[in-house]
Amino acid sequence: MIRRLLVANRGEIAVRVFRTAREMGIETVAVYAEDDASAVHSGRADRAVSLGAGPVSETYLSIPRILEAARASGADAVHPGYGFLSESPELARAVEERGLSWVGPPPSSIEEMADKLRARARMRAAGVPVVPGSDENARDDEALSSAAKEIGFPVLVKAAAGGGGKGMSRVEAASELPGALAEGRRIAAAAFGDDRVYLEKLLGRARHVEFQIFADRHGNTVHLFERECSVQRRHQKIVEETPSPALDAALRRAMGEAAVAAARSVEYVGAGTIEFLLDSERRFYFLEMNTRLQVEHPITEATLGLDLVRWQLEVAGGAALPVTWRSEGLAPRGHAIEMRLYAEDPVDFLPRSGSLEEWIEPAGPGVRVDSGFERGSVVGVEYDPLLAKLVVHAADRPAAIERALRALSEWVVLGVETNRPLLEAALCSAEFRSGDYATDLVARLPRRESGAPSDAAWIAAALSFAAKAAGTAAVAGPADPWGAANGWRS
Amino acid sequence: MSRLTAGDEARDVRLEKGSAELDGRTVRFREIRRGGALVALEIGGEVHPVRAVREGDRVFVACDGSTYEMRRGPAIAPGASRRGSAGEHGAGLLAPMPGRVRKTLVRRGERIAKGDVVLILEAMKMEHAIRAPRDGIVTKLDHHDGDLVEAGTVLAEIAADGT
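(A) Representation of the side chain of K389 of chain A within the structure. Residue and element names in this part refer to chain A. With respect to the helices and strands, K389 occurs in strand 19 (residues 386-394). Under the relative-accessibility criterion, K389 is labelled buried at 0%. What K389 contacts, discounting residues up to four positions off in sequence, is E12, V295, H297, P298, E338, M339, R368, V369 and D370.

Put into structure tokens, the structure is as follows:
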């Protein structure tokens, strides 16, 4: 059993893991970079260890510093969260070599899936369909050009060592290919230290549907149903829901079986996610495997009524998966939607930074907020702009959408611009409500003109300017603002 | 009387006790405060939850499920919006977002063509190619690779060719 758990991460995911660990009687250890010492997560663990100063590569991305923090704090297990070093076989191996528990899959499973070209070859061998594309033998421009002609334009250039859309670009015609390959190689080399790129056919109006899988060290591998992740901008998800409106029982069974086969083929252990593309003809293709806990895992927790982090920790401690999971005894209840609140411009998606002057989270029936921020938190440029995740659960899909919009309207965030208007526009759109949408949903949303502020908004602003003291005068100011208002009214 | 703006919208607002004039129209209101802080306004029998935070010349307002950034003074001229991809300001090329200069691909004095990548800006998990908006000569280039820049910082200036 795990006694003291270090979470090698920050933000909402660190807070989320601490919560479950505490419920299990496991002591928690946070790590933080010096420039991030006031972050919420470092105050939510039993102890917090500094990773020192420097760029992210020398703090949250530094294996030696994470290992030193584990040693100094006496931790006997490491949970990597998502992002940062969560898919680093080097960290997984180093943790295990020191006799600590790694709350994740074996390093060999991570390596097999991290190399997208090798993963595609392995999936083909396991009988799992992959997106038509170039194979491992196509390395130079000439071979990739002829592969592109065979696949047919448009194609995507992707980094073999990549993920998260980094180094990815869309190519419409053969003439654009050499430039896109060069750019892709440059970004891939800089980001991953590996400049290999490959091509995938760009499927028209595809949906992105993923399956949660879970495996223990006793030979059990199961899937925990799907998550629909087609609402994306910049190839990154912003809204996820389960069940997927696109699947029926037969397709769900076929995709679930493929997901389990994919996980088994790399001898997977723990929580993982198999991502599929689903085309307009309802054919599905393996896209990639995320060998870690997924950002959107809470919607699975909501409909299945379970705690995935708890089972990550149980499996890392040697436990077998529950019998109900292994005997197809799990049945999702109701409908769940996750919305990711990002500090970014809702129109051009560019990240924003600043200080959260006001922060009031939504609450109420069927509402969960996983957040790494509070009032006063600073949103910097060095870290992921994800502020928090709002997860709603309701009896059915229409009720979940109404609950989502209700909860979004309760969210008060002042000081940093967020994508909330985009989330509302996506959920309100006829296309999303119909359930018949694909990864082009965000691009197809009608351009929204932000409405004029209401009378109440103008009056509130005027009252704020009228208050005498600077800063947060209108919030904490004198009970009678009129005494202070003269200067402004003159 | 004061002129307030929110994006393209503007109102002349005059506060009286218990009422406000918005572009000459009188609106009666009641403040609901908690611990001195304004939490709602009652207007015509309807309660509007509201939060407002002032930061210098800006007030951030959350009201009825929407969020606004309001300013005092004349409206921002159309076209001066900070939105958009790499913005231009005179001859300058502006950082569209806060980030870190990853790699500068041109030199001062260099003649470049419209569409050439001037530098790569990295913000959070993305790299953005900042491209020249027109042909010209690089006359200003103040940042070094690795520098942090704020949104709106002039990254480079490009003088039109032959001037």
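(B) Region of interest: the state of the cysteines. On inspection of all chains with the given rule, the structure shows 0 disulfides over all chains. Just so you know, C428 of chain A is unpaired, no disulfide at all, and the nearest cysteine sulfur is the one on C63 of chain B, 18 Å from it. A relative accessible area of 2% means that C63 of chain B is categorised as buried.

(C) Region of interest: empty space enclosed by the protein. Residues and elements named next belong to chain A. Using the criterion set out here, one finds 3 cavities of 30 Å³ or more in the structure. Of the voids in this model, the second largest cavity is the one considered here, and its volume is about 50 Å³. Lining the second largest cavity we find V103, G104, R217, V269, G270, A271, Q312, V315 and A316. With 3 residues, the top contributor of residues to the lining of the second largest cavity is helix 10 (residues 308-316). Split into classes, the residues belonging to the lining of the second largest cavity amount to 5 nonpolar, 3 polar and 1 charged.

(D) Structural view of the sheet that holds strand 13 (residues 284-290) of chain A. All names here are of chain A. Here 8 strands make up an open sheet; going across it, the order is 13-12-9-10-11-14-19-17 and the pairing antiparallel. Both edges of this open sheet fall to strand 13 and strand 17 (367-371), since each of them pairs with a single strand only. Within the sheet, the average angular offset between the axes of one strand and its neighbour, ignoring direction, is 25 degrees. Set on the sheet, helix 1 (residues 11-23) makes contact with strand 17 and strand 19; between it and strand 17 the angle comes to about 115 degrees. Contacting strand 9 (207-215), strand 10 (221-233), strand 11 (236-242), strand 14 (335-342), strand 17 and strand 19, helix 9 (residues 297-304) crosses the sheet at an angle of about 155 degrees to strand 14.

(E) Summary view of the packing of helix 1 of chain A against helix 10 of chain A. Residue and element names in this part refer to chain A. For the pair helix 1 and helix 10, interaxial distance at closest approach is 9 Å and the crossing angle is 65 degrees. In terms of orientation, helix 1 lies roughly perpendicular with respect to helix 10. Handedness of the crossing formed by helix 1 with helix 10: right-handed. Contacts from R16, V17, T20 and A21 of helix 1 reach helix 10 at V309, R310 and L313. Considered class by class, the residues forming the contact of helix 1 with helix 10 number 4 nonpolar, 1 polar and 2 charged.

(F) Molecular detail of the confidence of the model for chain A. For chain A, the mean per-residue pLDDT works out to 92, and 94% of the residues sit at or above 70. Segment residues 470-490 of chain A is flagged for pLDDT under 50; beyond a separation of four residues in sequence, or across chains, it makes 48 contacts in the model.

Calculation notes
- By convention here, each chain's residues receive numbers from 1 onward along its written sequence.
- The naming scheme follows written order: chains are lettered A onward, ligands numbered 1 onward.
- Per-residue local features are limited, in this predicted model, to residues with pLDDT of at least 70; the limit for side-chain atom pairs, both in listing and counting, is 80 or more; totals at the level of whole chains, interfaces and linings are taken over all residues.
- Each side-chain value is derived from all of the structure's non-hydrogen atoms; neither hydrogens nor water enter the calculation.
- Elements are defined by DSSP. Helices are runs of H or I of four residues or more, strands are runs of E of two residues or more, and each kind is numbered from the N terminus.
- Each residue is assigned to one of three classes by its accessible area relative to the maximum for its type, calculated with a 1.4 Å probe on protein chains only: buried under 20%, partly exposed between the two thresholds, exposed over 50%.
- The contact criterion used throughout is that any non-hydrogen atoms of two residues lie within 4.5 Å.
- The definition used for a disulfide is geometric: two cysteine sulfur atoms within 2.5 Å.
- Think of a 1 Å grid over just the protein atoms. A cavity is a set of points where a 1.4 Å probe fits yet cannot get out, a pocket is an open set with protein on both sides within 12 Å along at least five of seven lines, and lining residues have an atom within 4 Å of a point.
- Grid points are joined across faces, edges and corners, and a volume is the space filled by probe spheres set on the points.
- Amino acids outside the nonpolar list (Ala, Val, Leu, Ile, Met, Phe, Trp, Tyr, Cys, Pro) and the charged list (Asp, Glu, Lys, Arg) are all regarded as polar, and Gly is one of them.
- Paired strands, in this sense, are two strands between which DSSP finds at least two bridges.
- Fitted lines through C-alpha atoms give the axes, limited to the stretch in contact for helices. The angle between two N-to-C directions lies from 0 to 180 degrees.
- The scheme is simple: roughly parallel for angles under 35 degrees, roughly antiparallel for over 145, roughly perpendicular for 65 to 115, oblique for anything else.
- Whether a crossing is left-handed or right-handed is set by the direction in which the near helix is turned from the far one by less than a right angle, anticlockwise for left-handed and clockwise for right-handed.
- pLDDT expresses how confident the predictor is about each individual residue, on a scale running from 0 to 100.

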